[in-house]
Amino acid sequence: MKQDHDRIFLSSPHMSGNEQKYIDEAFASNWIAPLGNNVVEFEKELADYNDVKDAAVLNSGTAAIHLALRLLDVGSGDTVFCSSLTFVASTNPIMYQGATPLFIDSELETWNMSPAALDRALKDASIHGKLPKAVIVVNLYGQSAQMDELATICSYYNVPIIEDAAESLGSEFQGKKSGTFGKFGIYSFNGNKIITTSGGGALVSNDKAAIEKARFLSQQAREQALHYEHVEVGYNYRMSNIVAGIGRGQLEVLDERIRKRRAIFDRYAKALGDIPGVSFQPEPRGSKSNRWLTALTIDPAVAGVSRDDLIKQLSEHNIEARPVWKPMHLQPLYRHAGYYPHEESTSVSDALFKNGICLPSGSNMAAEDQERVIAAVLDLFEGR
Ligand SMILES: *Cc1c(COP(=O)(O)O)cnc(C)c1O
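Residues numbered from 1 in each chain as written. Predicted model: local features only at pLDDT ≥ 70, side-chain atom pairs only at ≥ 80, totals over all residues. Heavy atoms only, no water.

- Per an unreviewed UniProt entry, the chain goes by the name Pyridoxal phosphate-dependent aminotransferase and belongs to Pueribacillus theae.
- What UniProt states about the chain under its Cofactor (unreviewed entry) heading is, verbatim, "pyridoxal 5'-phosphate".
- Recorded in UniProt under Sequence similarities (unreviewed entry), the annotation for the chain is "Belongs to the DegT/DnrJ/EryC1 family." (UniProt positions renumbered as here; feature names shortened; annotations may be inferred.)

## Quick word on the domain arrangement of the chain
Piece 1. Split into domains, the chain comes out as domain 1 (19–253) and domain 2 (255–382).
Piece 2. Using C-alpha coordinates to define each centre, domain 1 is positioned 25 Å away from domain 2.
Piece 3. In this assembly, 45 residues from domain 1 lie in contact with 42 residues from domain 2.
Piece 4. Taking both partners together, domain 1 and domain 2 bury about 3900 Å²; carbon and sulfur atoms supply 59% of that area. (Domains from an automatic or database assignment. Contact = heavy atoms within 4.5 Å. Buried area = accessible area lost by both parts, 1.4 Å probe.)

## Some remarks on the environment of phenylalanine 181
Piece 1. Counting through the fold element by element, phenylalanine 181 comes out in the loop between strand 7 (176–177) and strand 8 (184–188).
Piece 2. In the structure, phenylalanine 181 is positioned 54 residues away from tyrosine 235 in sequence and 26 Å away in space, judged by C-alpha atoms.
Piece 3. Apart from the residues lying within four places of it in its own chain, the contact partners of phenylalanine 181 are Met147, Glu163, Phe173 and Lys176. (Helix = DSSP H or I, 4+ residues; strand = E, 2+ residues; numbered from the N terminus.)

## Regarding the packing of helix 3 (residues 61–71) against helix 7 (residues 208–217)
Piece 1. With their axes 10 Å apart at the nearest point, helix 3 and helix 7 run at an angle of 115 degrees to one another. Seen along the crossing, helix 3 lies across helix 7 with a hand that is right-handed. Contacts from Leu67, Arg70 and Leu71 of helix 3 reach helix 7 at Ala210, Lys213, Ala214 and Leu217.
Piece 2. Taken together, the residues of the contact of helix 3 with helix 7 sort by class into 5 nonpolar, no polar and 2 charged. (Axes fitted to C-alpha atoms, helices over the stretch in contact; angles between N-to-C directions. Left-handed = near helix turned anticlockwise from the far one by under 90°. Nonpolar A, V, L, I, M, F, W, Y, C, P; charged D, E, K, R; others polar.)

## Digging into the site of the ligand
Piece 1. The environment of the ligand is formed by 15 residues, the closest being Thr62, Asp164, Glu167, Ser188 and Lys193.
Piece 2. A distance of 3.5 Å is found between a nitrogen atom of the ligand and a side-chain nitrogen or oxygen belonging to serine 90.
Piece 3. The separation between a nitrogen atom of the ligand and a polar side-chain atom of aspartate 164 is 2.8 Å.
Piece 4. Taking 380 Å² as the accessible area of the ligand by itself, protein coverage stands at 95%.
Piece 5. Split by residue class, the shell around the ligand holds 4 nonpolar, 8 polar and 3 charged. (Near = heavy atom within 4 Å. Polar contact = N/O pair within 3.5 Å; in protein donor to acceptor, adjacent residues only side chain to side chain. Areas by Shrake-Rupley, 256 points an atom, 1.4 Å probe, with all protein chains shown as cover.)

## Let's talk about the sheet that holds strand 10 (residues 278–280)
Piece 1. In spatial order, the strands read 10-12-15-13; together these 4 strands make up an open sheet with antiparallel pairing. Here the strands that pair on one side only, and so sit at the sheet edges, are strand 10 and strand 13 (322–323).
Piece 2. Alignment of strand 12 (residues 294–298) against strand 15 (residues 356–359), held across 4 bridges, turns out to be antiparallel. Along strand 15, the bridge assignment pairs alanine 295 with cysteine 358.
Piece 3. Its contacts with the sheet place helix 11 (residues 307–316) against strand 12, strand 13 and strand 15, and it is angled at close to 25 degrees to strand 15. (Pairing = 2+ DSSP bridges.)

## Some remarks on the pairing of strand 5 (residues 161–164)
On a regular strand, one side chain projects to one face of the sheet and the next to the other, so that they alternate.
Piece 1. Of the two faces of strand 5, the one holding Ile161 and Glu163 and the one holding Ile162 and Asp164 are both buried throughout.
Piece 2. Both strand 5 and strand 8 contribute to a ladder of 3 bridges, which runs parallel. Directly across from aspartate 164, in strand 8, lies its bridge partner isoleucine 186. (Buried < 20%, exposed > 50% of the residue type's maximum accessible area, 1.4 Å probe, protein only.)

In structure tokens form, the structure reads like this:
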């Protein structure tokens, strides 16, 4: 295939320039490893930004979820509930701990965990005397779940929430930062996220002792002694001082990145929002999404074209687009896991997966590149 244009990516790293300054400081003081000033400062800055008591920076968001489960004492024989519509990283740590996942469907209002499905699942679990040890709530593509309702339901059953805010750093729900509603929240700084450290993550909580314990577990659970003394199993999950330097530079421009991504969403919505059969991921009143990725569904019966037609069309124009996450209850890996749909006979996440697509949304995407994406989409719909 002949490509006339450079490839447009879904979301690629976007440096500010200050990252280099923090890395240089680490080099100048020879604090390349293990810890050092950038790690300490990045943790403070991240906790301040999110208005949460403490943060531990780690080498991935997946590691943060794993530590949260460890801190909640999740082990074999336990059940953990998790949003079905998500990336597999949300749920694999349940398996690391030898526990059993059970998946909860989405609602159309946010595409995130359905309070109705969660309520049914917890009621049944309670009747059977087998409540989950935790509920992992995911905030997809930057949009917060209905954290007030979900938290009310969970607190009724006294089950802690781990908020997977890997995609929603900087987003808000009722004026509070995403990731700060549960017992624990996690963020990811993987390469395609709204800010990146090349790879990394964080665990946050208002429980300072728990975060201190997370730091301990993330460094091989080394006891305070002159020699190497170990009482429990630990991990090598800590973020390095160089990587934290990138994080400091990135955090300074997070709000700017959010403004940019929201503007990209608005341009897509303006240009494509009137096409029959096209619906964008909603942003309910009282919430503010960072619009990490612009996501929409195409109803082929109304639109005359399918999600896959659009991915193919964009690919021919050298533009990357992806289907919405394939729900975990549909994954071969999790075929034996339990699942609670939104309503007894209606699975919302199945439909979102079937018709959902994410468009290029990088904060470093030039206006003319977005025009190219829009033109390619319109070309398909007009030629249908
Ligand atoms: C990216 C992501 C993670 C995992 O983060 P890593 O830093 O890649 O380990 C977890 N959950 C969701 C929803 C994600 O998008």
